[in-house]
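Results of the structural survey
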Amino acid sequence: MDSKILSIIGLNKKTAYNPTVPFKHNNKEYIGLRVESLSSELDSRIMFAFKNKDEWVIESSSFALQDPALMQIAGKLLLAGVYVEKFRKGLRWKTDFYYGADISNMEKIASGPWGMKDIRLVEMDNKIGVFTRPQNRQFRKGKIGYLEINSLDELANLDWYSATLLEGLFDNNSWGGVNQALRLSSSKIGVIGHEAYADKKGKHYSAMSFVLDVNTREYSDYKIIARRSDFAASKSKRSPELDDILFPAGITNVNNKHVDLYVGISDYCCGKIRIRNPFE
């Protein structure tokens, strides 16, 4: 596999990881990034960087969120990001949604429930598919759900726990979520996501894919498409706990035989790897 760690300029001693896939803005190629201090995640920002030759250069525009994901819905951009705050003796989080013509013109339209990350949307025929990620209690460490809405207006009052759960994806000791959802046909969605587990050495995240049939709500062709070991060694935000983390953003060139998968690495940096198209 042809892999590389991305060079990001303008970080000022902070980390940048868990990127979006590249997108066009003001006639340049951009990615969104999670930027934060090495010692904390409470100062996290979503920041954007444009491509300059083989480097990505940080710009100042930002959102006070983590783990950006961009989706095209009804001709505009939908940004999903994780909002985090102190709560009791720890932290709590939810997914916030911003919508607009481009990244410089977005307004908040909805929030997911407390405790839910990895919410992703995909435009289908006369519907919008929504992937959820409930966790705790009967959902254990995190499962994947799927439901459909008619428009983004429904997000603000959505029953997030009404989604059909995709049972059998993970065992009781593992969890996962959707990072990118791609319309393959009128009834099929290609999913790029992550699978994770933890042991005494730390956390272990890999990139995976599967195909969902929206009519039957059944999935097929589940496979691991990339691991941390596919990339060169790098620093980790907390070693050894986060050494084996590969958090996918998604793929580009979806109609090609080979695609570029963009990833976050060890909660410290970003990478890109050329893989065979998992939906070919």
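Just above, that's the structure.
A brief look at the structure comes next.

Conventions adopted
Residues numbered from 1 in each chain as written. Predicted model: local features only at pLDDT ≥ 70, side-chain atom pairs only at ≥ 80, totals over all residues. Heavy atoms only, no water. Pairing = 2+ DSSP bridges. Helix = DSSP H or I, 4+ residues; strand = E, 2+ residues; numbered from the N terminus. Axes fitted to C-alpha atoms, helices over the stretch in contact; angles between N-to-C directions. Polar contact = N/O pair within 3.5 Å; in protein donor to acceptor, adjacent residues only side chain to side chain. Contact = heavy atoms within 4.5 Å. Salt bridge = Lys/Arg side-chain N within 4 Å of Asp/Glu carboxyl O. Buried < 20%, exposed > 50% of the residue type's maximum accessible area, 1.4 Å probe, protein only. Phe/Tyr/Trp six-rings, centres within 6.5 Å; stacked < 30°, edge-to-face > 60°. Core = buried A, V, L, I, M, F, W, Y, C linked by side-chain atoms within 4.5 Å.

Taken in spatial order, the 4 strands line up as β1-β22-β21-β20 in an open sheet, and their pairing is antiparallel. Whereas interior strands pair on both sides, the edge strands pair on one side only; in this sheet they are β1 (2-5) and β20 (246-252). Taken pair by pair, the neighbouring strands of this sheet meet at an average axis angle of 20°, ignoring direction. In the sheet, β20 pairs with strand β21 (residues 258-265) via 6 bridges, with the strands oriented antiparallel. Bridging across to β21, T252 finds its partner in D260.

The subject of this paragraph is the sheet that holds strand β19 (residues 218-226). The strand order across the open sheet built from 4 strands is β16-β17-β18-β19, with neighbouring strands paired in antiparallel fashion. Both edges of this open sheet fall to β16 (174-183) and β19, since each of them pairs with a single strand only. Sheet twist, expressed as the mean angle between neighbouring strand axes with direction ignored, is 30°.

All right, on to the side chain of H194 then. With respect to the helices and strands, the residue H194 is situated in strand β17 (residues 188-199). Only 3.5 Å separates the side chain of H194 from the side chain of D118, close enough to count as a polar contact. Excluding residues that lie within four positions of it along the chain, H194 makes contacts with D118, R133, F170, W175, G176, G177, N179, Y205, S206, M208, F247 and P248.

A few words on the pattern of salt bridges. Evaluated as defined, the whole model comprises 14 salt bridges. With a shortest N-O distance of 3.0 Å, D67 and R34 are connected by a salt bridge. Taken as a pair, D67 in strand β8 (residues 66-73) and R34 in strand β5 (residues 28-36) lie far apart in primary sequence, 33 residues in all. You'll find D67 and R34 in the same group, each marked buried. The salt bridge involving K108 is made with D96; its shortest N-O contact spans 3.7 Å. Of the two residues, K108 sits in strand β11 (residues 105-111) while D96 sits in strand β10 (residues 90-102), which places them 12 residues apart along the sequence.

Here the focus is the packing of aromatic side chains. Within this structure, the stated rule accounts for 13 aromatic pairs. Between W175 and Y205 the ring centres are 6.0 Å apart and the planes differ by 80°, which places this aromatic pair in the edge-to-face class. Pair noted here: W175 is in strand β16 and Y205 is in strand β18 (residues 202-213), with a separation of 30 residues, a long-range link. Taken individually, W175 and Y205 each receive the classification buried, so the pair is uniform in this respect. Here F210 and Y222 contribute two aromatic rings whose centre-to-centre distance is 6.3 Å and whose plane-to-plane angle is 20°, an arrangement assigned as stacked.

What follows covers unusual backbone geometry. Between S239 and P240 the backbone carries a cis peptide bond, its omega angle lying at 5°. As for its position among the elements, P240 is in the loop between β19 and β20. Even without being a glycine, N27 presents a positive backbone phi close to 65°. Looking at the secondary structure, you find N27 in the loop between β4 (23-25) and β5. A positive phi is found at R217, a non-glycine position, where the angle reads about 60°. Tracing the chain through its elements places R217 in the loop between β18 and β19.

This next bit is on the nonpolar core. Membership of the largest hydrophobic core comes to 20 residues, with the highest contact counts inside it found for I73, L78, F97, L121, L152, L155 and W160. For this core, the secondary structure elements donating two or more residues are β8, β9 (76-87), β10, β13 (128-132) and β14 (145-149). For this core, the element with the highest residue contribution is β8, accounting for 3 residues. If we ignore the near neighbours within four places in the chain, the residues touching L78 are A69, L70, M71, I73, F97, Y98, Y99, M106, I109, L121 and L152. If you look at the next biggest cluster of nonpolar residues, it comprises 17 residues, including V211, A226, F231 and F279.

Here we come to the environment of W160. By the secondary structure assignment, W160 is in the loop between β14 and β15 (164-165). Distance in space between the C-alpha atoms of W160 and V130 is 9.3 Å, their sequence separation being 30 residues. In this structure W160 touches F97, S111, G112, P113, M116, I119, V130, T132, L147 and L155, once residues within four positions along its chain are discounted.

Looking at where R276 falls in the secondary structure, it is placed in strand β22 (residues 269-276). Sequence separation of R276 and I31 is 245 residues, and the distance between their C-alpha atoms is 22 Å. When sequence neighbours within four positions are dropped, the list of residues in contact with R276 reads K257, H258 and V259.

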